[in-house]
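Survey of secondary and tertiary structure
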Amino acid sequence: MNCIVCVTSVPDTASVIKIGADGNQIDEGGIKWILSPHDEYALEEALKITEAQGGEVTVVTYGPARAEAVLRDCLARGAHQAVHVIGGEETLGDSFKIAQTLAAILKDREYGLILVGVQSVGTDNSQVGQMLAELLDLPHVAGITSLEVGEGTLNASREVEGGKEIYESPLPALLTCQKGLNEPRYAALKGIMAAKRKPVEKIEPSDIGIDEGAGAAYRLRSLSLPPEKGEGTLLQGEDDPAGAAGNLVKLLREEAKAI
Amino acid sequence: MAGILVFVEQRGGEIRKASLQALSEAHRLAAGGPVAAVFAGEGITQVAASLGAYGAQKVFCADDGNLKLYSAEGYAAVVAKAVEDFGPSAVFFSATMIGRDLAPRLAAKLGVGVLADVVGIELEGDVFVAKRPVYSGKAFVTVDAAGSIPQVISLRPNVFAAEESGGSAEVVALDGLSLSIRAMVKEFAAADAGELDVAEADTIVAAGRGIKGPENIALIKELAEALGAAVGASRAIVDAGWIGHANQVGQTGKVVSPSLYIACGISGAIQHLAGMSSSKVIVAINKDADAPIFKVADYGIVGDLFDVIPPMVEAIKAL
Ligand SMILES: Cc1cc2nc3c(=O)[nH]c(=O)nc-3n(C[C@H](O)[C@H](O)[C@H](O)COP(=O)(O)OP(=O)(O)OC[C@H]3O[C@@H](n4cnc5c(N)ncnc54)[C@H](O)[C@@H]3O)c2cc1C
Ligand SMILES: Nc1ncnc2c1ncn2[C@@H]1O[C@H](COP(=O)(O)O)[C@@H](O)[C@H]1O
């Protein structure tokens, strides 16, 4: 069964975020770009499925030139093919636009599953997968932590508040993946060398009928940093831990009114 | 403004608190203008009218055996039908696991985007201006969806207050639905009774590698029990297998905003802070005075958690 994995290039989770000169995107200077962490679970699951059942894994990204590096990372981990739709310069992109672009790329491809990350680091939107499923008229399950793929159907589960939803769905389907699903592999040196020789298919948005300038679903007005937190109250608990504990409980009760 | 439609979630006929928060916020923003709720499930018609108390003037109710358990496809068809009948300017969701799943599916059906996981919102004319965290809370973006009909917005749970406003609602049955549900929930497996969910708890006691071993989760649970709190965890102890993934707070775990978050033996890595920095009061117990967790803490004790927690439990019980 062929699997498509949609991946995105994001700032390393340890990055310090600074506001860019335009005031509504980040300053990209000094940022290290990585494969969005949840996308690693999507890729790993696709690799496991094709290893067990045959078929190929195609990774797709819609992003600027730098996004090619995440495709190479995926190829190095074992993906067979890569497609790069070049565009989407903004780091905080418009999910609906992204989903429309991915739908335009994927509508004529052959696959049993599309796997994406539950959420990209940065936009923190958690939307592209569900939107893409709707646009391609596929069933979807979002935020899965377990999966079994059978003949024409799948069983998956996801954690929700207070429990777990256990799903059954026909194929083809779209899944958004998260931590808990599997243990992503790293790229081995051999894979990295092999990835250098694998081709990356390059596509311009206009080739697939996407006008990047038109029809934004939302407008960014400004980006700001969180307000600085004032100094907290620090109690020394080394010499008299019981005294410090008592004081803390008193402060939480009387000052913070939190208990 | 043509009105706000609020998707209200229930489980087993019980209305979720987070949905009442979203409904109350819609009532506040509409300032007397039209507010309706859309409510789906099986055997739920009787409770639908109670939404009037939180500001719904009308409740579009889809009471159907196929909607007993949640499904994105089924529920999106219900909300789309209510949008068609009500013609709102905006559709609100609570950004719960269901709301975050459903809102984008609905939005794509309607050809619009979503302002997700919003922590602040105001109305400028007909346009909702929202503030939402990005880069895991390292920044906030102010956005709007001007021109989208409707504007689809999800509100982060526990940020907005649920308030009774004392109105009453007319309940309208939504029929003529065509439900084709492919991805079906076969079963809802409830978590162990008595185990509070971090995503919903008002107080969280979280443990990190400072607890030394899985046997000491018991100490954290004692503190949590004394406070009626849920137990949270850093990724380090989830990956070590000391506690389940459902308890993990952070970038690759859950994002929480309780009234009180007590971090015990957690260093405060940026990926952990991503999940809890919007908590109202943060307390840190750590033996390293330079641990980054103290930078976000409102109160902290520099000390050994094994010496600090037992007397803390006693002091709380004595309150
Ligand atoms: C892509 C990515 C995603 C991640 N996602 C998450 C996430 O979702 N959630 C998350 O938590 N982490 C996440 N991490 C991991 C994160 O970077 C840290 O490694 C992790 O949070 C550390 O956990 P910790 O604070 O429990 O452990 P440590 O960093 O080892 O800290 C232990 C702390 O305990 C203190 N301590 C030790 N003994 C005692 C004692 N007796 N009394 C009091 N204090 C004591 C120490 O001083 C120290 O500060 C992620 C990392 C990456 C790269
Ligand atoms: N520009 C993109 N190109 C390809 N896939 C993407 C892109 N943006 C998001 N995705 C996928 O959609 C998931 C959810 O993203 P988001 O809705 O932005 O949180 C990501 O984890 C990716 O798998």
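Predicted, not measured: the structure shown is a model, and the values here were computed from it.

Attention now goes to the site of ligand 1. Lining the immediate environment of ligand 1, one finds 28 residues, of which Ser234(B), Gln248(B), Thr252(B), Ser267(B) and Asn286(B) sit closest. Looking at what sits near ligand 1, you find residues from chains A and B. A distance of 2.8 Å is found between an oxygen atom of ligand 1 and a backbone nitrogen or oxygen belonging to Arg209(B). The side chain of Ser234(B) places a nitrogen or oxygen atom 2.6 Å from an oxygen atom of ligand 1. Here ligand 1 has 990 Å² of accessible area as a free molecule, and 80% of this is covered by the chains.

Here we come to the sheet that holds strand E7 (residues 114-118) of chain B. All names here are of chain B. Strand order in the open sheet made by the 7 strands is E7-E11-E6-E1-E4-E5-E12, with parallel pairing throughout. For this open sheet the edge positions go to E7 and strand E12 (170-173), each flanked by a neighbour on one side alone. Adjacent strand axes in the sheet meet at a mean angle of 25°, parallel and antiparallel pairs treated alike. Bridge count for strand E5 (residues 58-63) against E12 is 4 bridges, and the pairing is parallel. Across the sheet, Phe60 pairs through a bridge with Val172, a residue of E12. Against the sheet, helix H1 (residues 17-30) contacts strand E1 (4-8), strand E4 (35-41), strand E6 (90-94) and strand E11 (151-155), and its axis sits at roughly 170° relative to E1.

The next subject is the sheet that holds strand E5 (residues 81-86) of chain A. The strands making up a sheet are joined through hydrogen bonds of the backbone, oriented either antiparallel or parallel. Pairing in this open sheet of 10 strands is mixed, and the strands run E11(A)-E5(A)-E4(A)-E1(A)-E6(A)-E10(A)-E7(A)-E8(A)-E9(A)-E13(B) from one edge to the other. Whereas interior strands pair on both sides, the edge strands pair on one side only; in this sheet they are strand E11 (200-203) of chain A together with strand E13 (184-190) of chain B. Across this sheet, the average inter-strand angle for adjacent strands is 30°, counted without regard to direction. Two elements, strand E6 (residues 113-117) of chain A and strand E10 (residues 173-177) of chain A, share 5 bridges in a ladder whose sense is parallel. When the sheet's bridge partners are listed, Ile114(A) is paired in E10(A) with Leu174(A). Along the sheet, helix H3 (residues 95-106) of chain A makes contact with strand E1 (3-6), strand E4 (57-63), E5, E6 and E11 of chain A, crossing E4(A) at roughly 140°.

Before going further, it helps to spend a moment on the domain arrangement of chain A. What the domain assignment lists for chain A is domain 1 (3-208) and domain 2 (232-259). Measuring from the centre of the C-alpha atoms in domain 1 of chain A to the corresponding centre in domain 2 of chain A gives 46 Å.

A word on the nonpolar core. One finds Leu113(A), Leu5(B) and Val79(B) to be the most contacted residues of the largest nonpolar core, which totals 72 residues. Per-element accounting of this core gives the leading share, 9 residues, to helix H3 (residues 72-86) of chain B. Discounting residues that sit within four places of it in the chain, Val79(B) has contacts with Leu5(B), Phe7(B), Val38(B), Val91(B), Phe93(B), Leu102(B) and Leu106(B). Ranked by size, the runner-up nonpolar core spans 45 residues in total, among them Leu223(A), Ala26(B), Ala48(B) and Leu51(B).

What counts, and where the lines are drawn
- Residues numbered from 1 in each chain as written.
- Chains lettered and ligands numbered in written order.
- Predicted model: local features only at pLDDT ≥ 70, side-chain atom pairs only at ≥ 80, totals over all residues.
- Heavy atoms only, no water.
- Near = heavy atom within 4 Å.
- Polar contact = N/O pair within 3.5 Å; in protein donor to acceptor, adjacent residues only side chain to side chain.
- Areas by Shrake-Rupley, 256 points an atom, 1.4 Å probe, with all protein chains shown as cover.
- Pairing = 2+ DSSP bridges.
- Helix = DSSP H or I, 4+ residues; strand = E, 2+ residues; numbered from the N terminus.
- Axes fitted to C-alpha atoms, helices over the stretch in contact; angles between N-to-C directions.
- Contact = heavy atoms within 4.5 Å.
- Domains from an automatic or database assignment.
- Core = buried A, V, L, I, M, F, W, Y, C linked by side-chain atoms within 4.5 Å.
- Buried < 20%, exposed > 50% of the residue type's maximum accessible area, 1.4 Å probe, protein only.

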